Amino acid sequence: MDSITSTTVAFVGLGAMGFGMAAHLLKIGYHVIGYDVYEPTRLRFLEAGGNISQSPREAARGAQILICMVANSQQADSVLFDSGMGAVEVLPLNATVIICSTVPSSYLMEIQSKLESMSRNDIFLVDSPVSGGTVRAAKGTLTILSSATPAALSQSKRILHDLSEKHFVIPGSIGAASNIKMINQLLAGVHIAAASEAMGLAVRMGLNTRRVYEIIANAAGTSWMFENRVPHMLDNDWTPQSALDIFVKDMGIVTSSARSRGFPLPLSSAAEQLYLSASLRGYGKEDDSGLVRLFTPGAESAVHDGGKKKAPTDDILTPIVTPNEIKKVGFIGLGAMGIGMATTLVNGGFHVTGYDISPGPILNFLLSGGKSDAAESPADAALDADVLIIMVQTVPQVEEVLFGSGNAAEKLPSGAVVILTSTVPPSFVQKMGTRLEALGRQLYLVDAPVSGGAAKAAEGLLTIICSATDTAMSKANPVLLAMSGKPDSIYYAEGGVGAASSIKLINQLLAGVHIMAAAEAMAFGAKLGLDTRSLYEIIKNAAGGSWMFENRVPAMLSADWTPHSMLAIFVKDLGMVLDESKRLGFPAFLTAAAHQMNLMGASHGWAREADGGIVRLWELMTGVSVSRSSKPQDTGFNPREYPTLPLKETMDSLPSEYNGDVLHSIREHISDDKTPLLVILDDDPTGTQTCHDIAVLTVWDVETLQHEFDCSEKGFFILTNSRAFPPVEAKKLLETICQNVQHAAQLAGKEFEIVLRGDSTLRGHFPDEPEIVERTLGRDRIDGWILAPFFFQGGRYTINDVHYVAEGDFLIPTSQTQFARDAAFGYKSSNLKDYVLEKAGFKFSMGDIFSISLEDIRCGPVIVTEKLLKAPRGSVIIVNAAAESDMYVFAAGILAAEQQGRKYLYRTGAAFVSSRLGISGIPPLSAESLAMSSNPSGGLIIAGSYVPKTTLQLHSLRRRRASKLHVIELPVLKMIHSSEDATRIVNTAIEDASQKLQSGQDVLVMTSRDLVVGEDAISSLSIGGIVAATLVKVVLGIDVRPRYVVAKGGITSSDIATKGLKMKRAMVVGQAAPGVPLWRCDEKTSRHRGVPYVVFPGNVGGEDTLAELVERWALPEGR
């Protein structure tokens, strides 16, 4: 703190963001002298506790740091070089000048030249534009970019860290940071314009604008600017948080820079014209969200007024029928999303009759087992159906299946509900409702377009927008709930059928424009010579970010045009938006521009390829390449190499373990009501491997979490299984969970802290997961990140910051193991400091990473506490440990640090969790202690993990158990490439396993041992998901109650628990073997209630551990 209080900062430009930045510096202890041309703002800063001056020169006199946060380069030039009031002439020797304004990169070079001409080469100049808005400015959580000489970066590092949540150092000379900021402003400017166009169209459609905002903010059409600016529109509040004229200036910088390089920016140019038009109408000094008024001429408060309409009430969604009363669901359209939706309904207990024009999807659907059967025609699917779901692509297809040759409408019984989930024009939905009503059989229509993609459809986690009569909604709700997973994902839109499709078109407008903006921005970044991968990493969490930017740009970086979402979809959907706009007399400038670009892409033959492939238009026109401009992250270091060490000799060479009673100290801390509960977010189920007598949740609704907070004394696990998801989905999942945890804790009146329990061999979403937790909970809650992957039972040791895996008599550096070659989460570093830089070099430098050494730990918790308190805020702290006692010492030390006000976010292995909870180990549980003697069936072992250790353990199990074990091997390649083969394989496995279990024989169901991977990390995760889903189908088909269930591997054990055994809350009762957790679920809704469930990590135990467990738990001979 002394270094802060002795630092005098001149802060020039106390506007909307500048005031918050300066006030935050005051709050944390800097001596700040503020100046702004507007006297009331200066007086306001004086009232806030700052000092003020009458000119930039007066503020700069004696200041070690000058921060310039004015509106444009002309103002900045006056601040620095004005002959009467300029600051440069009076700055002390070796002062630092930080330019935070958004200015052209060329102007930064002009500043450099002027300083040289004035013989002020001693001044450290830093190009440091900021992003994040007024709220984050006041909290010190901005995103800041910096480019400068190494010396200037060193001088400015502390104050920029104190102003930011993310501080990116951009390689290159002065101006490089401003070029990235320019790309950010391109996106932000287009996104505000798109939000204005979308909300204007919502007004013209007669929609409830507040409901539109609530829905889109949780859908693929959202962006940072949509979520930030639309609330101003809804409140009719044009107070200038960010003046519209700023974007007149910033979009002008973007387009003039592009023109000077001969680079086409159709969307940016269209957006610039909108800002110029709005400024001409007198809106320039008001908030940029006021741009929406261009789209509501004569009704400037139209978005506000449209949000006052009657909101839907919960009773609309209250079902008047139960799932058991729905005897049949017909499902037409088993495409990429349709098959997942239909399968989810089957898994939810519905009897589903599916139809598709192609036989392949029908056969694949029948794999779901349960109450699934095939229809020969749309009419057959509709016959006697209480609910008919239509998920086809186009209006003619809907017409054909319902009223044409498909004849489905004629076969529906009286009182049936038709749920239309396709994206179609709202006017067509209204006509369809009229035609169904004209049949005179009380047929109900629910307009219910869905969003979320094939993955969410298969998981039953879709977002569904719906509109209908109250009766229709109540009848349809059980089915909608099964496909969405929770009521919060069903959004009711008032206005009758057509309203939901109108909102879906608004979402598609935004999504389509955002994809095009992302392509335009990334291509321009490549033209500027920027590293496009770094550009993506920076912008995805900045004000220029959007759901589509984060989701689509990775494919642009890898030039992967696999059609997860085809370009043809946006040709169709944006065309529908334009048709509806024309019908309503509404001008949709950005939609039209984006649609034209999509049509150009389709004309090149890309219609059936990925929509993100539209970036190739710029590549064809200008010769740039987004993928070739994507460089591996240069973190300024090469990972250090380390030799293999002898295990025994290394352990013997370490200092003696601390022998104080730290467990008693930990338990005393935990018994204190002020100690927060521990909420452990486990990225796969194996994190419970050192604990006992603690709950694990597989759901995270607020009500369940509040109940757990009310009854838990120490903490609880939440199984996120996020390691099985791609990064975008994993982060969204963590954000939702953390929001719910925070809400539930507030309702329960409890404090909590988060542990991200991850893989002890360093695989997982790092730094994505801790970043999203920090952002969701608030950066002020976190003083530092703790990285502690030690796990004794698995042979994972951290010594001198190097992480090792014990194999036999040796310690192998983790980067030299098979774990480091993981297809999704590979890495090159064994030293944990290097690992942090390898994964998060854009966020941290070596100076941000500190260690708690074994020497510190083995001196006791007092020393640990001292070291923790000395680490600066924002650090990453590496924890060394080579014995279980080390982790107990560290836990005691950090609890003491927390009592002195420190707050941490943890990324750890399993050992830290049990140490922090004061849990001591117990012996592995026996069959007798688990009361298995009453069950004469065989045990069921499910193996999906592919790590070499699992393969060795399976070999040992088969060899030792021989004929006492029945083995069913599922050939992965056949299951992936042939739905017919997969159906046959699964059905045969179910029948075979059921017979053997019933006879008392243990059964092993395992995947073939040849590892099948995709072309990249995401496709590899997808293949793993397919394999896990197949294993779940086998378990779901086995009705014989097994003696026990063992699931081998992280993804496998998660899916078997949640989907195969339907667990929502289980108790960790102990371990089946060292490091192998044992659960028990006694919920009435679970399958095979009370059967011991072993979560067996793929990489834990010796070669014979699995075989020994099965031998111990086997039925006694002769039974």
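Residues numbered from 1 in each chain as written. Predicted model: local features only at pLDDT ≥ 70, side-chain atom pairs only at ≥ 80, totals over all residues. Heavy atoms only, no water.

Colleague: Is there a simple way to think about the packing of helix α23 (residues 499–527) against helix α26 (residues 567–584) in this case?
Modeller: Helices that pack against each other are described as a pair by the angle of their axes relative to one another and the distance between those axes. In the contact formed by α23 and α26, the axes pass within 9 Å of each other and the chain directions differ by 125 degrees. With respect to α26, the axis of α23 lies oblique. In terms of crossing hand, the pair formed by α23 and α26 is left-handed. Facing Leu505, Gln508, Leu509, Ala511, Gly512 and Ile515 of α23, the residues of α26 in contact are Phe570, Asp573, Leu574, Met576, Val577 and Glu580. (Axes fitted to C-alpha atoms, helices over the stretch in contact; angles between N-to-C directions. Helix = DSSP H or I, 4+ residues; strand = E, 2+ residues; numbered from the N terminus. Parallel < 35°, antiparallel > 145°, perpendicular 65-115°, else oblique. Left-handed = near helix turned anticlockwise from the far one by under 90°. Contact = heavy atoms within 4.5 Å.)

Colleague: What is the right way to read the sheet that holds strand β17 (residues 463–466) from this model?
Modeller: Two pairing modes exist for strands in a sheet, parallel and antiparallel, and in both the strands are linked by backbone hydrogen bonds. Taken in spatial order, the 3 strands make up an open sheet running β16-β17-β18, and their pairing is mixed. Where the open sheet ends on each side, the last strands, each with one partner, are β16 (450–451) and β18 (490–492). Across 3 bridges, the pairing between β17 and β18 is parallel. Bridging across to β18, isoleucine 465 finds its partner in tyrosine 491. Along the sheet, helix α10 (residues 209–216) makes contact with β17 and β18, crossing β18 at roughly 170 degrees. (Pairing = 2+ DSSP bridges.)

Colleague: Looking at this structure, I do not really get the side chain of glutamate 580. What am I missing?
Modeller: If you trace the backbone, glutamate 580 turns up in helix α26. Note on glutamate 580: relative accessible area 4%, which makes it buried. (Buried < 20%, exposed > 50% of the residue type's maximum accessible area, 1.4 Å probe, protein only.)

Colleague: What's the story with the environment of lysine 475 in this structure? I'm lost.
Modeller: Among the structural elements, lysine 475 can be located in helix α22 (residues 470–484). Sequence separation between lysine 475 and aspartate 386 is 89 residues, and the spatial gap between their C-alpha atoms is 9.1 Å.

Colleague: What's the story with the sheet that holds strand β25 (residues 796–799) in this structure? I'm lost.
Modeller: With antiparallel pairing, the 4 strands of this open sheet are ordered in space as β19-β27-β26-β25. Of all strands in the sheet, those with a lone pairing partner are β19 (645–646) and β25, marking the two edges. With 4 bridges joining them, strand β26 (residues 802–807) and strand β27 (residues 810–813) adopt antiparallel strand pairing. Bridging from a neighbouring strand, tyrosine 804 pairs with proline 813 of β27.

Colleague: Can you walk me through the packing of α23 against helix α25 (residues 547–558) in this structure?
Modeller: Following both chains from N to C, one finds α23 and α25 inclined at 45 degrees, their axes separated by 9 Å at the closest point. Judged by the angle between their axes, α23 and α25 are oblique. Relative to α25, α23 is oriented so that their crossing is right-handed. Residues Ala511, His514, Ile515, Ala518, Ala519 and Met522 of α23 pack against Met548, Phe549, Arg552, Val553, Met556 and Leu557 of α25. Residues of the contact of α23 with α25, tallied by class, amount to 10 nonpolar, 1 polar and 1 charged. (Nonpolar A, V, L, I, M, F, W, Y, C, P; charged D, E, K, R; others polar.)

Colleague: Any chance you could explain α26 here in plain terms?
Modeller: Each α-helix winds once per 3.6 residues, and so residues spaced three or four apart point in a common direction. The end-to-end C-alpha distance of α26 is 26 Å, a good match for the 26 Å that 18 residues give at a rise of 1.5 Å each. Those residues of α26 lying buried are Leu567, Phe570, Val571, Asp573, Leu574, Gly575, Met576, Val577, Glu580 and Ser581. Looking at the buried side of α26, the elements it contacts are α9 (176–204), α20 (426–438), α23, α25 and α27 (589–603). (Expected span 1.5 Å × (residues − 1).)

Colleague: Sorry if this is basic, but what is going on with the pairing of strand β34 (residues 1045–1048) here?
Modeller: A two-sided burial pattern is seen for β34, the buried positions comprising Val1045 and Ala1047 on one face and Val1046 and Lys1048 on the other. The pairing of strand β31 (residues 940–943) with β34 spans 4 bridges and is classified as parallel. Paired with alanine 943 across the strands is lysine 1048, a residue of β34.

Colleague: Got a minute to help me understand the state of the cysteines in this structure?
Modeller: Simply put, disulfide is the name for a covalent bond between the sulfur atoms of two cysteines. In this structure the tally under the stated criterion is 0 disulfides. Unpaired in terms of disulfides, cysteine 68 finds its nearest cysteine sulfur in cysteine 100, a separation of 8.2 Å. Cysteine 711 provides the cysteine sulfur closest to cysteine 1081, a residue in no disulfide bond, and the two sulfurs are 15 Å apart. (Disulfide = S-S within 2.5 Å.)

The quantities given are spatial measurements derived from coordinates; they are silent on function.
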